[in-house]
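# Reading the structure
Next come the chains, spelled out residue by residue.
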Amino acid sequence: MIVEMQRNATQSQVDAVIERAQGYGFEVQLNRGTDKVVIAILGSDTGHVPTANFEVLPGVGSVTRIMRPYKLASREFRSEPTEIRVGDVTIGGPRVVVMAGPCSIESWEQLDATARHVIGAGASILRGGAFKPRSSPFSFQGMGFEGAALLRQAGQALKAPVVSEVTDSHFVERMAQEVDILQIGARNMQNYTLLRAVGETNKPCLLKRGLAATVTEWLQAADYVLAAGTAQVILCERGIRSFEDSTRFTLDISAVPVIKRQSHLPVIVDPSHAAGHYALVPGLARAAIAAGADGLLIEVHPDPANALSDGLQSLTFSDFARLMVECRQIAEAIGRTL
Ligand code: PEP
Ligand code: MN
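Residues numbered from 1 in each chain as written. Chains lettered and ligands numbered in written order. Predicted model: local features only at pLDDT ≥ 70, side-chain atom pairs only at ≥ 80, totals over all residues. Heavy atoms only, no water.

### Concerning the pairing of strand 1 (residues 2-5)
In summary, the side chains of a regular strand alternate between the two faces of the sheet. Rules: When DSSP finds two or more bridges between two strands, those strands count as paired. The helix count covers DSSP runs of H or I at least four residues long, the strand count covers runs of E at least two residues long, and both are numbered beginning at the N terminus.
Bridge count between strand 1 and strand 4 (residues 60-64): four bridges; the pairing is antiparallel. In the strand pairing of strand 4, M5 is matched with V60. Direction of pairing for strand 1 relative to strand 3 (residues 37-42): antiparallel, over a ladder of three bridges. Its bridge partner being in strand 3, I2 is matched across the sheet by A40.

### Examining unusual backbone geometry
Positive phi, normally seen in glycine, also occurs at N202, with a value near 70°. Here N202 lies in the loop between helix 6 (192-200) and strand 11 (205-208). Positioned with a positive phi, D310 is a non-glycine residue whose angle comes to about 50°. Examined against the element boundaries, D310 turns out to sit in the loop between strand 14 (295-299) and helix 11 (317-333).

### What to know about the pattern of salt bridges
Our working definition: Salt bridges are defined as contacts in which a side-chain nitrogen from Lys or Arg sits within 4 Å of a carboxyl oxygen from Asp or Glu. Partly exposed describes any residue whose relative accessible area lies between the buried limit of under 20% and the exposed limit of over 50%, with all areas from a 1.4 Å probe on protein chains only and scaled to the type maximum.
Across all of its chains, the model carries 15 salt bridges by this definition. Here R7 makes a salt bridge to D35, at a shortest N to O gap of 2.1 Å. Taken as a pair, R7 in the loop between strand 1 and helix 1 (11-23) and D35 in the loop between strand 2 (27-32) and strand 3 lie far apart in primary sequence, 28 residues in all. The exposure class of D35 is partly exposed, given its relative accessible area of 38%. A salt bridge links D294 to R336; the shortest N-O distance between them is 2.8 Å. Here R336 lies in the segment after helix 11 and D294 lies in the loop between helix 10 (281-291) and strand 14, a separation of 42 residues in the sequence. The same class applies to D294 as to R336, namely buried. Through salt bridges that share partners, R209, E237 and D252 make up one connected network.

### What to know about the coordination of the manganese ion (ligand 2)
This is how it is decided: Donor atoms (N, O, S) are those found within 2.8 Å of the metal centre, with the cutoff raised to 3.2 Å for Na, K and Ca; water is not part of the atom list, so apparent gaps in a site can occur.
C103 (SG), H273 (NE2), E299 (OE) and D310 (OD) make up the full set of protein donors to the manganese ion (ligand 2), lying at 2.0 to 2.4 Å. In primary sequence terms, the donor set of the manganese ion (ligand 2) follows C-x169-H-x25-E-x10-D. Residue E299 is located in strand 14, and its partner D310 is located in the loop between strand 14 and helix 11; the two are separated by 11 residues in the primary sequence. The exposure class assigned to E299 is buried, which follows from its relative accessible area of 1%. On the basis of relative accessible area, D310 is assigned to the buried category, the value being 18%.

### With respect to the domain arrangement of the protein chain
Condition: Note that domain bounds follow an automatic or database assignment of domains.
Domain annotation for the protein chain reports domain 1 (2-64) and domain 2 (84-333). Averaged C-alpha coordinates put domain 1 and domain 2 at centres separated by 36 Å.

### Description of helix 11
Keep this limit in mind: Here a helix's expected span is defined as the number of its residues, less one, multiplied by 1.5 Å. In this context, the arc is that of the directions from the helix axis out to the C-beta atoms.
In a regular helix each residue adds 1.5 Å, so 17 residues correspond to 24 Å; helix 11 covers 25 Å between its end C-alpha atoms and thus fits that length. Within helix 11, the full set of buried residues consists of F320, L323, M324, C327 and A331. The buried side chains of helix 11 occupy one side of the element, clustering within an arc of 110° when seen end-on. Every exposed residue of helix 11 that faces more than 90 degrees away from the buried side is listed here: Q329, E332 and A333.

In structure tokens, the structure reads:
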């Protein structure tokens with residue numbers, strides 16, 4: 001249930017709504033907008049309480065039931081788009097934000113060279129995998145915390161925020177000290193313990209869509225992170241399983257306008273994991289910006305042929321630089337910057 005307070009409602013009127021909700025055993029989350037307070041009343045059986053029980057309270061403007069299975073990620077809870085600030089970068093604003101770097105952090109030399117190149121070419125956030133959720137246990141599993149420390153160092157040297165995946169709730173606290181954005185991978189989108197643990201850090205979370213998750217399931221996963229306390233979730237479409245096998249995954253471009261309609265959260269697109277092949281990445285990246293994505297997540301490697309993971313889908317430095325020029329033109333064509 002969503003309680004919208006009147007514009008001039010007082011704090012004690014807001015408190016009275018919260019008290020009544022808590023009296024029924026419900027939880028509440030507040031959205032203090034620019035002109036009014038919106039209160040989400042959360043619980044499995046809010047349907048049993050008549051909306052009139054809140055409508056009668058002084059200062060209440062309107063009470064609506066949210067019929068969607070997700071609440072905090074919904075447009076009903078927050079009508080204005082959420083902007084997430086990380087250092088000097090804003091995600092969800094007019095500027096399209098590019099996050100780029102290697103799939104896996106392999107060495108200081110590999111990471112530092114890639115970081116300098118991608119930030120120099122127009123990326124504003126550095127990515128790098130330290131813990132890799134590989135489909136095979138025999139594949140390279142990442143450098144772990146040692147890699148995360150290198151990422152922090154590389155980001156600091158260029159004054160660029162960094163993003164890296166956390167694969168286990170036990171690693172969350174330590175990873176939160178190393179990175180600016182905690183990524184939850186596609187394979188972990190429904191790992192609810194991990195979602196909660198990341199939400200409790202209050203750090204921005206980059207939540208990838210599960211390989212076979214619907215938009216609704218994805219937004220419910222976002223609710224887990226938001227319910228744990230943080231207000232900062234960035235959604236990332238990275239391709240879903242379909243019958244089509246000419247790409248690694250099928251990039252669901254429609255997810256971008258669908259998310260924009262149903263949620264206030266920023267949404268970015270990862271064309272690398274969707275494509276699975278470097279030749280397909282630029283087309284998907286351009287399409288994502290044209291569709292209204294707030295950013296891109298792109299894998300870049302100094303020597304893709306010898307990468308320890310995802311070499312086939314990684315762009316070379318020169319391909320990445322060329323793509324940034326094209327993406328900037330598309331961003332400008334739709335009234336944004338990059
Ligand atoms: C990644 O970004 O490195 C990654 C493993 O992506 P996904 O979780 O989308 O497969
Ligand atoms: Mn990868």
